Amino acid sequence: MTWREVAAAAGLLADGPGDGGAVRPTIFAEMSALAARTGAVNLGQGFPDVDGPAHVVEAARAALAAGRNQYAPGDGVPELRRAVAAHQERHYGLTWDPDTEVLVTTGATEAIAAAVLALAGPGDDVVALEPAYDSYAAVTAMAGARFRPAPLALRSDAGDPAAPRFALDVAALRAVVSERTRVILLNTPHNPTGTVLTADDLAAVARLATEVGAVVVTDEVYEHLTFDGAVHVPLATLPGMAERTLTVSSAGKTLSLTGWKVGWVTGPAPLVTAVRTVKQFLTYTSGAPLQPAVAAALADEDGRVAAYVAGLRASLARRRDLLAAGLRAAGFDVAMPAGGYFVVADAAPLGFDDGARLCRELPDRVGVVAVPVAAFCQAGSPAAAQLRSWVRFTHVKRDDVVAEGVRRLARLAG
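Residues numbered from 1 in each chain as written. Predicted model: local features only at pLDDT ≥ 70, side-chain atom pairs only at ≥ 80, totals over all residues. Heavy atoms only, no water.

Colleague: Give a description of the overall build of the protein that names residues and reports values.
Modeller: Assigned secondary structure in the protein consists of 14 helices and 15 strands. Considered along the principal axes of its C-alpha atoms, the protein spans approximately 60 × 50 × 50 Å. Scored against the burial criterion, the 414 residues of the protein give a buried share of 56%. Of the contacts formed within the protein by residues at least 6 apart in sequence, a portion of 72% connects residues at least 24 apart. Accessible surface, the protein as shown: approximately 16,300 Å² in total, 54% of it carbon and sulfur. (Helix = DSSP H or I, 4+ residues; strand = E, 2+ residues; numbered from the N terminus. Buried < 20%, exposed > 50% of the residue type's maximum accessible area, 1.4 Å probe, protein only. Contact = heavy atoms within 4.5 Å. Areas by Shrake-Rupley, 256 points an atom, 1.4 Å probe, with all protein chains shown as cover.)

What follows is the structure, given as structure tokens:
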């Protein structure tokens, strides 16, 4: 697999006259550069603009001062592996051996990459829900496997027929799952749509995976950031699924410390061993002084992290409501997310049928940066066509930043 083939799978090969196969920056880099050039409010890239709990940051500072600055064990420091195992048991009733069934990674992205590289290869299919986090197709290409997206369904909300919502389309998923399917990548709560899969959804995925003997790799980084009573249920908790599921999460989203890149994967020892085998030749290890700080945060002996996460969840819901209301007032159709950092909205009612073009014009038009949802779809896929006019905005910024973005977006209504 050449770098050009990987770039093509990620939709990054420039194809204009004279480009000569050049690789263009990701849409995220392009939009962030636009924000810097124009002074626009950046509601495109999903990272917080305030730090997480001060006592967790202080724990990392203490680890630095205590000399924990050399290589951590390749599996992760023992206290973090124990804390991850205890977290999974406390929240979900999942019991994992911290020595053989827990692996610390450089963020969730590395965990997913190592899992796909370990489990899939030429002749195999990797299935994911589309729109999909952009690394999924790229790492599938690195593995030499075929990426098979299954589009989420776009439906009317039962409580508000005029409001769109995204949901699992079991028939669409069944259409791409086959005996060639080696891995199903399942992201819930979902980026970018904010969909939280239901118990019935998960049961359908479990049936399909079992039928074809696929391993399910679940991306659960927004596990604690759900709204309106939505409950995140790990697929590994379903009957018979613990032995064929690798569960991936990280500290970045839950603790608003995305730059720390401390993630983990849990699952049965044979699957974790396969991931470890690949991971040791990627980063080997990282974040030595950060890992004990995350361990202390997960253990949360004094309850401060639980209080922080509850406050963050409420704050995110409030900011989501502010952004969604502003988008509706500006003329967008809005799909209300049940979890995560993002709100996706359809610009077609405003007369824009091309979300990518709109995102490139928004900074100069009204001083706001967003990301087209089509960037999360494979070129030419049904989802890319259906969601061509859709745009993703983040609500994980400070209240004043979201409010200023809403104020600027109101100019579109005119």
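What follows continues from the structure just given.
Colleague: Give me the pattern of salt bridges: which residues, what numbers.
Modeller: Applying the stated criterion across every chain yields a total of 21 salt bridges. Across the pair Arg 146 and Asp 125 runs a salt bridge whose closest N-O atoms are separated by 2.9 Å. Linking Arg 146 in strand 4 (residues 146–151) with Asp 125 in strand 3 (residues 125–130), this pair joins segments that are 21 residues apart in sequence. Overall, Arg 146 belongs to the partly exposed group, its relative accessible area being 36%. Look at the salt bridges and you will find they share partners, linking Asp 125, Arg 146, Arg 148 and Arg 180 into a network. (Salt bridge = Lys/Arg side-chain N within 4 Å of Asp/Glu carboxyl O.)

Colleague: Pulling in residues and values, what's your account of the environment of Ser 32?
Modeller: Tracing the sequence through the fold places Ser 32 in helix 2 (residues 27–38). Since its relative accessible area comes to 21%, Ser 32 is described here as partly exposed. Considering only alpha carbons, one finds Ser 32 and Ala 370, 338 residues apart in sequence, at a separation of 9.1 Å. When residues no more than four places from it in sequence are discounted, the contact partners of Ser 32 are Asn 42 and Gln 45. A distance of 2.7 Å separates the side chain of Ser 32 from the side chain of Gln 45, its partner in a polar contact. (Polar contact = N/O pair within 3.5 Å; in protein donor to acceptor, adjacent residues only side chain to side chain.)

Colleague: Break down the sheet that holds strand 12 (residues 342–346) for me, citing the residues and quoting the values.
Modeller: Ordered by their spatial adjacency, 4 strands build an open sheet running 11-12-15-14, and the pairing between neighbours is antiparallel. The open sheet has two free edges, formed respectively by strand 11 (333–335) and strand 14 (371–372), since each of these has just one partner strand. Here 3 bridges tie strand 11 to strand 12, and the two strands are oriented antiparallel to one another. Bridge assignment links Ala 335 to a residue of strand 12, and that residue is Val 344. Where helix 12 (residues 355–365) meets the sheet, it contacts strand 14 and strand 15 (390–394), and its direction lies at approximately 45° from that of strand 15. (Pairing = 2+ DSSP bridges. Axes fitted to C-alpha atoms, helices over the stretch in contact; angles between N-to-C directions.)

Colleague: Go over the sheet that holds strand 3, please, and point to the residues and values.
Modeller: Taking strand neighbours across the sheet as the criterion, the 7 strands line up as 2-10-9-8-7-3-4 in an open arrangement whose pairing is mixed. This sheet does not close on itself; its edge strands, each paired only once, are strand 2 (102–105) and strand 4. Between one strand and the next, the sheet's axes are offset by a mean angle of 20°, whatever the strand orientation. Here strand 9 (residues 245–250) runs beside strand 10 (residues 263–266); their pairing, made up of 4 bridges, is antiparallel. Paired with Thr 247 across the bridge in strand 10 is Thr 266. Seen against the sheet, helix 5 (residues 107–119) touches strand 2, strand 3, strand 7 (181–187), strand 8 (215–219), strand 9 and strand 10 and runs at an angle of roughly 160° to strand 9. Strands in contact with helix 6 (residues 135–142) are strand 3, strand 4, strand 7 and strand 8; relative to strand 4, the strand with the most contacts, it is inclined by about 155°.

Colleague: Now, about unusual backbone geometry: what can you tell me, with residues and values included?
Modeller: A cis amide bond, omega 10°, links Glu 130 with the succeeding residue Pro 131. On the secondary structure map, Pro 131 appears in the loop between strand 3 and helix 6. Residue Pro 189 is bonded to the preceding Thr 188 through a cis peptide linkage, with omega at -10°.

Colleague: Tell me about the nonpolar core, and name the residues and values.
Modeller: Ranked by size, the top nonpolar core spans 40 residues in total, and within it Val 116, Leu 185 and Leu 246 carry the most contacts. With near-sequence residues (within four places) excluded, Leu 185 lies in contact with Ile 112, Val 116, Val 126, Val 127, Ala 128, Leu 129, Tyr 136 and Val 217. Ranked by size, the runner-up nonpolar core spans 34 residues in total, among them Ala 345, Leu 358, Val 368 and Phe 376. (Core = buried A, V, L, I, M, F, W, Y, C linked by side-chain atoms within 4.5 Å.)

Colleague: Lay out the side chain of Asp 300 with the relevant residues and their values.
Modeller: As for its placement among the helices and strands, Asp 300 is situated in the loop between helix 10 (290–299) and helix 11 (304–330). Arg 90 provides the closest opposite charge to the buried, unpaired Asp 300, separated from it by 6.3 Å. Within the local environment of Asp 300, its side chain forms a polar contact with the backbone nitrogen of Val 305, the two atoms lying 2.8 Å apart. Apart from residues lying up to four places away in sequence, Asp 300 is in contact with Val 305 and Ala 306. (Lys, Arg positive; Asp, Glu negative; His and termini not counted.)

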